[in-house]
Amino acid sequence: MKMVSGGVCAAKGFKANGIHCGIRRNHPKKDLALIVSDCKAAAAAVYTTNLVKGAPLTVTKQNISDGYAQAVICNSGNANTCNANGIEIAESMCALVAEKTGVNAKDVVVASTGVIGQPLNLDPIAAGMDELCAGLSYEGSPAAAQAIMTTDTVEKELAVEFSLGGKICRMGGIAKGSGMIHPNMATMLVFITTDAAISAEMLQKALFCDIQNTFNMLSVDGDTSTNDMVTVLANGMAGNEEITAEGEDFTAFMQALNTITVNLCRRIAGDGEGATKLLECIATGADTAEAAKTCAKSVICSSLLKAAMFGADANWGRVLCAIGYSGADVDVSKIGVAFRSAKGTVVVCENGAGVPFSEEIAKEILLEKEIEILLTLGDGPYGATAWGCDLTYDYVKINGDYRT
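A brief structural summary. Nothing here was measured: the structure is a model prediction, and the numbers come from that model.

Notes on the sheet that holds strand E10 (residues 278-286)
- Overall, mixed pairing links the 6 strands, which are arranged E13-E12-E11-E14-E10-E15 in an open sheet. Two strands bound the open sheet, and with one partner strand each, they are strand E13 (353-354) and strand E15 (382-389).
- Note that strand E11 (residues 336-341) and strand E14 (residues 370-376) share 5 bridges and pair antiparallel. Within E14, the residue paired with Arg340 across the bridge is Glu372.
- The sheet contacts of helix H8 (residues 303-310) involve E10, E11, E14 and E15, and relative to E10 the element is tilted by about 125 degrees.

Okay, structure coming up:
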């Protein structure tokens, strides 16, 4: 497996584009994205667990209930959530794609991200469709990645190349996510494309299994969004024998998918609203997988710990505190904690108690942009990793006037 360029257009048969159509009336940012496959593709998706869901999720779930899709349309700047005509608007967006591309409206994934509770005007979307479709290209992934951003500061895209049954396959993804991100579909949208041939059933299985240890282990601020969605389209144009069951090819496919999702998790966490540092909590030695995941997530979600990391303060007591209230069944007397970065590693706790360490060295380690929080939970065989970011003054500034 190797990294390649191209994002969602790295796989054969996928075009993309992104434009500014005017949903963001007072800002020149791109706000409308489109991804189209040359042929119908197997489709899978996972959605937010929030009971309040954006209308696009409802429409997408209906559209891909048969396991297939051919296009993705996504707007930013407005979430199309809690609107009386939300379903109608989402369905109309699908109809516009059908009108301009020939793709069946029922084969369109539709997504929206932005402010909740504000009506979404279809007029700018309709007016921009000619430009959006005319600009579709096999090099259009960066434009699409930019068009789905809200408070993101950088576009997030990548792709990998791998082999299935002797055939070269590619998989690529774009993502948006900066705030309102928390485990259980951590606002976050991810679109993944591949030219591998895989049944819709196995594609859904692959995605569902993967997110348990990737996107559901990601948190920025503890708020689970209304619009979170991860979708995968697989058009089979690589020519491999279709994956219809578990086996060597399915394992290779899962490895490629996990490479994409872990990388996007790290990029989303590192670009958290106001964030200055990517935090990665690595738990090992747990007696159960659930205990490892619970502890890692609890630490990454702790506002006190996140604030300490912003200040480069090796306040390891906050780590133990987060483990203690997590609900995980662990032996506190066996817990060890260390902080690691490009500047080195400092052990701060062993067997549930503090150990002498240099505050000066610890500060140097914690001043880096990427920090690993290493948890030793005992002698068990299970581990887990969670991703997050520090909590800064700018997070409050961004969210204090996000709507106005």
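Some thoughts on the environment of Arg266
- In this structure, Arg266 sits in helix H6 (residues 248-270).
- Sequence-wise, Arg266 and Thr294 are 28 residues apart; in three dimensions their C-alpha atoms are separated by 19 Å.
- Beyond its immediate chain neighbours, meaning those up to four positions away, Arg266 contacts Leu278, Glu280, Glu370 and Trp387.

Description of the packing of helix H2 (residues 86-101) against helix H3 (residues 123-134)
- For the pair H2 and H3, interaxial distance at closest approach is 10 Å and the crossing angle is 40 degrees. The two elements H2 and H3 meet at a crossing, and its hand is right-handed. Of H3, the residues touching H2 (which contributes Met93, Leu96, Val97, Lys100 and Thr101) are Ile125, Ala126, Met129, Asp130 and Cys133.
- Tallied by class, the residues present in the contact of H2 with H3 amount to 7 nonpolar, 1 polar and 2 charged.

Looking at the packing of helix H1 (residues 55-63) against H2
- At a minimum axis distance of 8 Å, the contact between H1 and H2 shows a crossing angle of 55 degrees. Taken together, the axis directions place H1 and H2 in an arrangement best described as oblique. Our pair here, H1 against H2, has a crossing hand that is right-handed. In this structure, H1 contributes Ala55, Pro56, Thr58, Val59, Gln62 and Asn63 to the contact, and H2 contributes Gly86, Ile87, Ala90, Glu91 and Cys94.
- Partitioning the contact of H1 with H2 into residue classes produces 6 nonpolar, 4 polar and 1 charged.

Details of the packing of aromatic side chains
- In this structure the tally under the stated criterion is 2 aromatic pairs.
- The interplanar angle of 90 degrees and the centroid separation of 5.2 Å between the aromatic rings of Phe310 and Tyr393 together place this pair among those described as edge-to-face. Placement of the pair is Phe310 in helix H8 and Tyr393 in helix H11 (residues 393-400), with a sequence separation of 83 residues.

Notes on the pattern of salt bridges
- Tallied over the full model, the rule gives 14 salt bridges.
- Residue Asp130 pairs with Lys100 through a salt bridge whose shortest N-O separation is 2.9 Å. Highlighted residues: Asp130 in helix H3 and Lys100 in helix H2, separated in sequence by 30 residues.
- Through salt bridges that share partners, Lys2, Glu161 and Arg170 make up one connected network.

Quick notes on the rules
Residues numbered from 1 in each chain as written. Predicted model: local features only at pLDDT ≥ 70, side-chain atom pairs only at ≥ 80, totals over all residues. Heavy atoms only, no water. Pairing = 2+ DSSP bridges. Helix = DSSP H or I, 4+ residues; strand = E, 2+ residues; numbered from the N terminus. Contact = heavy atoms within 4.5 Å. Axes fitted to C-alpha atoms, helices over the stretch in contact; angles between N-to-C directions. Left-handed = near helix turned anticlockwise from the far one by under 90°. Nonpolar A, V, L, I, M, F, W, Y, C, P; charged D, E, K, R; others polar. Parallel < 35°, antiparallel > 145°, perpendicular 65-115°, else oblique. Phe/Tyr/Trp six-rings, centres within 6.5 Å; stacked < 30°, edge-to-face > 60°. Salt bridge = Lys/Arg side-chain N within 4 Å of Asp/Glu carboxyl O.

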